[in-house]
Amino acid sequence: MVIDTMVFAYALLGVEQYRDTSVAVLEKTESIIVPDTLRAELANVLWQWVRRAGTAAGKAHDIMEDAEALYTHVVTSEDLWQQALAFSIENNPPVYDTLFITAAVQRDIQVVTFDQRLRAAFPEHTLEPDEYLRRA
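In this text, all values refer to a predicted model and were calculated from it rather than measured experimentally. (Residues numbered from 1 in each chain as written. Predicted model: local features only at pLDDT ≥ 70, side-chain atom pairs only at ≥ 80, totals over all residues. Heavy atoms only, no water.)

1. Considering the pattern of salt bridges
Tallying each qualifying case throughout the model produces four salt bridges. Here Asp20 makes a salt bridge to Arg19, at a shortest N to O gap of 3.1 Å. Overall, Asp20 belongs to the exposed group, its relative accessible area being 57%. Across the pair Arg135 and Glu131 runs a salt bridge whose closest N-O atoms are separated by 3.0 Å. Taken as a pair, Arg135 and Glu131 lie in helix 8 (residues 129–135) at a separation of four residues, close to a single helical turn. Residue classification places Glu131 among the buried positions, given a relative accessible area of 17%. Residues participating in the shared-partner salt-bridge network are Arg119, Glu131 and Arg135. (Salt bridge = Lys/Arg side-chain N within 4 Å of Asp/Glu carboxyl O. Buried < 20%, exposed > 50% of the residue type's maximum accessible area, 1.4 Å probe, protein only. Helix = DSSP H or I, 4+ residues; strand = E, 2+ residues; numbered from the N terminus.)

2. Brief notes about unusual backbone geometry
If you check the backbone angles, Asn92 has positive phi at about 85 degrees while not being a glycine. Mapped onto the secondary structure, Asn92 falls in the loop between helix 5 (81–91) and helix 6 (95–107). Residue Asn92 is classed as exposed on the basis of its relative accessible area, which comes to 68%. Even without glycine at this site, Asp108 takes up a positive phi of about 55 degrees. By secondary structure assignment, the location of Asp108 is in the loop between helix 6 and strand 4 (111–112). Using a relative accessible area of 72% as the deciding quantity, one classes Asp108 as exposed.

3. So, the packing of helix 3 (residues 38–52) against helix 4 (residues 57–68)
Helix packing for two helices is described by the angle between their axes and how far apart those axes are. Interhelical geometry of helix 3 versus helix 4 gives an angle of 155 degrees and a closest axis separation of 10 Å. On the basis of the axis angle, helix 3 is roughly antiparallel to helix 4. Along this stretch, helix 3 crosses helix 4, giving a crossing that reads as right-handed. Within the contact between the two elements, helix 3 uses Arg39, Leu42, Ala43, Leu46 and Val50 and helix 4 uses Ala57, Ala60, Ile63, Met64, Ala67 and Glu68. The residue makeup of the contact of helix 3 with helix 4, split by class, is nine nonpolar, no polar and two charged. (Axes fitted to C-alpha atoms, helices over the stretch in contact; angles between N-to-C directions. Parallel < 35°, antiparallel > 145°, perpendicular 65-115°, else oblique. Left-handed = near helix turned anticlockwise from the far one by under 90°. Contact = heavy atoms within 4.5 Å. Nonpolar A, V, L, I, M, F, W, Y, C, P; charged D, E, K, R; others polar.)

4. Side note on helix 5
For helix 5, the full list of buried residues reads Ala84, Phe87 and Ser88. For helix 5, the angular spread of the buried residues around the axis is 100 degrees, confining them to a single face. Opposite the buried face of helix 5, at more than 90 degrees from it, the exposed residues are Gln82, Ile89 and Glu90. Where helix 5 is buried, its residues meet helix 6. Immediately beyond the C-terminal end of helix 5, within one or two residues, lies Asn92, with a positive phi of roughly 85 degrees. (Arc of directions from axis to C-beta.)

Below is the structure:
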């Protein structure tokens, strides 16, 4: 499966409302595929948590390292950007989201995501985490 950035963030940051579901998704998924942009997105989320929530900078760095051990395959954005841009132009989500969709479409799998806008734009290519867990 392709796993969206916020699933990683919620699990690794321990966000109470989403933590258990996010951790379960990561534990139940044998092969986790992400675009290489995940690193930049996750680093940005962690930067926001350091600034707004008072997360320690050292913890943010540790989380980035912990995340590396969770995914099994990284797809280069070079292989994704053309279709991702087309998906964004056609359906309106940002390209950083459609990179995940493109990675999934290329492999005939789905993206597990909490992002409701992305789910609305690509219902056939996405699963909510709870829905994924029910099917797993």
